[in-house]
Amino acid sequence: MLIDNHNRVISYLRLSVTDNCNMRCQYCMPAEGIAFSHQSDLMSWDEMFLLASTFIELGIKKIRITGGEPFVRKGLMEFLHRLAAVEGLEDISITTNATLIGDHIDALKALGILNINVSMDSLDKARFNFITRRDYYDVVYNNVQQLLQKGFNVKINCVVMNGINTDDIIPFINFAHEHNTNVRFLEEMPFNGHSKSFERLEWNFLKIMDHIQQQYPQTHRMQDAAGSTSENYTIQNRKGSFGIIPSFSRTFCGTCNRIRVSAKGELQTCLYTNESVSFKVLLQQNPHPDLIKPLILKAIKSRFKDGFEAEEKNEFKKSMSLIGG
Ligand code: SAM
Ligand code: SF4
């Protein structure tokens, strides 16, 4: 079992498989001029598999595949196939923009990978395309419908942006009811790679909640899963549920059970730090779990107490596509 220096059990790894993406969401990255990593700077699938297996040996039970856009990288399905067979791993989940998942839905189901979080920041086509700076609304919407019809546990992630998509909050709540699913509203974080300015957070979790309760006063807090970053609610006499993720307010750090590995093989123990431990050279030159484990354990034993402590040394320049959300 992995236990950090603040006595938190670390059981959840967010594994980014690429920093590349076929969208350009405004809150995540600039429209152009992005220097995506060269393929040779990324971990190979074999290196990633060895690293992931080592984490699992140490006590990681859940891995979320993220990016960039995970389905942009060739070989993802083969990697998932191998990962799904590793003993001790209880859950593989994926966070995706759902543009490219369509061809893989049946294969994912066959692998038992049913927990899919889809980033969708508007139900209005023009607004969706404005936010993502691409024209994929219909593809994404249809893929979400397919996932729902085929019994996947779909969660919609919507980053709430002042002056851009707050009119989508209630339509998304209604979407959750109509499709008996979960939609989560994320506070916007300043990790946009200089895509837009970020002075202060206007729509924090309290304002989002207040907005929802003006329309639906009868909300009921659900029991959150251990280490959950979202506060989840049902609405009386309505199906589905909604969650709010205070990603910027960071009220959840005390129970944080997660760590992150970038596609380049850098372990980051807090979303709000720039500090990382790199495994790339070791994975290339001497790929043995016994050499990797001490580095992981050392990093786990020197985690920040919370995102505010981590932020003190940080500058909010990077793009979320490098961190994986
Ligand atoms: N491309 C995939 C996707 O969009 O779902 C996976 C990677 S994306 C970086 C992972 C998550 O981070 C998404 O849910 C996205 O909405 C969220 N995210 C990205 N930038 C963010 C920001 N500045 N503030 C809050 N959430 C952000
Ligand atoms: Fe790509 Fe996801 Fe970032 Fe949007 S949020 S630009 S889909 S990595």
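As shown above, the structure is provided for reference.
What counts, and at which threshold
- Numbering of residues begins from 1 in every chain and follows the order in which that chain's sequence is written.
- Each chain is given a letter, starting from A, and each ligand a number, starting from 1, according to the order in which they appear as written.
- Only residues with pLDDT of at least 70 are given local features in this predicted model, and only at 80 or more are side-chain atom pairs given and counted; all residues enter the totals for whole chains, interfaces and linings.
- Hydrogens are left out, water is left out, and the side-chain values use all remaining heavy atoms of the structure.
- Every helix listed is a DSSP run of H or I at least four residues long, and every strand listed is a run of E at least two residues long, numbered separately from the N terminus.
- Here, two residues are considered to be in contact whenever any of their heavy atoms come within 4.5 Å of each other.
- It suffices for a single heavy atom of a residue to lie within 4 Å of a molecule or strand for the residue to be listed as near it.
- Note that Gly is not counted as nonpolar here; it falls among the polar residues with everything else outside the nonpolar set of Ala, Val, Leu, Ile, Met, Phe, Trp, Tyr, Cys and Pro and the charged set of Asp, Glu, Lys and Arg.
- Whether a residue is buried, partly exposed or exposed follows from its accessible area with a 1.4 Å probe, protein chains only, as a fraction of its type maximum: under 20%, in between, or over 50%, in that order.
- Two N or O atoms count as a polar contact when they lie within 3.5 Å, although within protein this holds only if one can serve as hydrogen donor and the other as acceptor, and sequence-adjacent residues are included solely when both atoms are side-chain atoms.
- Pairing between two strands is assigned when DSSP locates at least 2 bridges connecting them.
- Fitting a line to C-alpha atoms yields each axis, with helices limited to the stretch in contact; the angle taken between N-to-C directions then spans 0 to 180 degrees.
- Each Phe, Tyr or Trp ring, with Trp reduced to its six-membered ring, pairs with another whose centre is within 6.5 Å; inter-plane angles below 30 degrees give stacked pairs, above 60 give edge-to-face pairs, and intermediate values give tilted ones.
- Here, over-ring charges are defined by two tests on the NZ atom of lysine or the CZ atom of arginine: distance to the ring centre within 6 Å, and angle to the ring normal within 35 degrees.

Caption draft 1: Seen up close, the environment of Leu186. By the secondary structure assignment, Leu186 is in strand 8 (residues 182–187). In sequence terms Leu186 and Leu100 are 86 residues apart; their C-alpha atoms lie 23 Å from each other. Setting aside residues no more than four positions away along its own chain, Leu186 makes contact with Asn157, Cys158, Val159, Val160, Ile245 and Ser247.

Caption draft 2: Molecular detail of the site of ligand 2. All residues in the neighbourhood of ligand 2 are listed as Cys21, Met23, Cys25, Tyr27, Cys28, Met29, Gly68 and Asn97. Considered class by class, the residues forming the shell around ligand 2 number six nonpolar, two polar and no charged.

Caption draft 3: Structural detail: unusual backbone geometry. Here Asn7, not a glycine, exhibits a phi torsion of approximately 70°, which is positive. With respect to the helices, strands and loops of the structure, Asn7 is situated in the loop between strand 1 (2–3) and strand 2 (9–10). Accessibility expressed as a relative area gives 65% for Asn7, which makes it exposed. The phi dihedral of Arg250 is positive, around 55°, even though this residue is not glycine. Summarising the element assignment, Arg250 is placed in the loop between strand 11 (241–245) and strand 12 (258–261). Since its relative accessible area comes to 6%, Arg250 is described here as buried.

Caption draft 4: Up close: the site of ligand 1. Taken together, 20 residues lie near ligand 1, and Tyr27, Gly68, Thr95, Ser119 and Met189 sit nearest. At a separation of 2.8 Å, a nitrogen atom of ligand 1 approaches a polar backbone atom of Tyr27. Separating an oxygen atom of ligand 1 from a side-chain N or O atom of Asn157 is a distance of 3.2 Å. Counting residues per element, the ones that place at least two in the shell around ligand 1 are strand 5 (91–96), strand 7 (153–160) and strand 8. Residue composition of the shell around ligand 1, by class: seven nonpolar, ten polar and three charged.

Caption draft 5: Up close: the sheet that holds strand 5. If you walk across this open sheet you meet the twelve strands as 9-10-11-8-7-6-5-4-3-12-13-14, and the pairing is mixed. The two strands at the open ends of the sheet, each matched to only one other strand, are strand 9 (219–221) and strand 14 (277–278). The sheet contacts of helix 5 (residues 137–149) involve strand 6 (115–119) and strand 7, and relative to strand 6 the element is tilted by about 160°. Those strands touched by helix 7 (residues 205–215) are strand 7, strand 8, strand 9, strand 10 (231–235) and strand 11, and its axis lies near 155° from that of strand 11.

Caption draft 6: The arrangement of the environment of Asn182 in detail. Tracing the backbone through its elements, the reader meets Asn182 in strand 8. Accessibility expressed as a relative area gives 9% for Asn182, which makes it buried. Asn182 sits 25 residues away from Asn157 along the chain, and the two C-alpha atoms are 8.9 Å apart. Not counting the four nearest positions on each side in its chain, Asn182 is found in contact with Val154, Lys155, Ile156, Asn232, Ser241, Phe242 and Gly243.

Caption draft 7: Geometry of the packing of aromatic side chains. In this structure the tally under the stated criterion is six aromatic pairs. With centroids separated by 5.8 Å and ring planes inclined at 25°, the aromatic side chains of Tyr137 and Tyr141 adopt a geometry described as stacked. One end of the pair is Tyr137 and the other is Tyr141, both in helix 5 and four residues apart, which spans about a single turn. In this structure Tyr137 comes out as buried when scored by relative accessible area, which is 9%. Directly above the aromatic system of Trp203 lies the positively charged group of Lys207, at a separation of 4.8 Å from the ring centroid. The residue whose ring lies beneath Arg250 is Phe308, and the NZ or CZ to ring-centre distance is 4.0 Å.

Caption draft 8: Expanded view of the side chain of Asn157. Here Asn157 shows up in strand 7. Only 3.1 Å separates the side chain of Asn157 from the side chain of Arg184, close enough to count as a polar contact. When residues no more than four places from it in sequence are discounted, the contact partners of Asn157 are Thr95, Asn117, Val118, Ser119, Met120, Asp121, Arg184 and Leu186.

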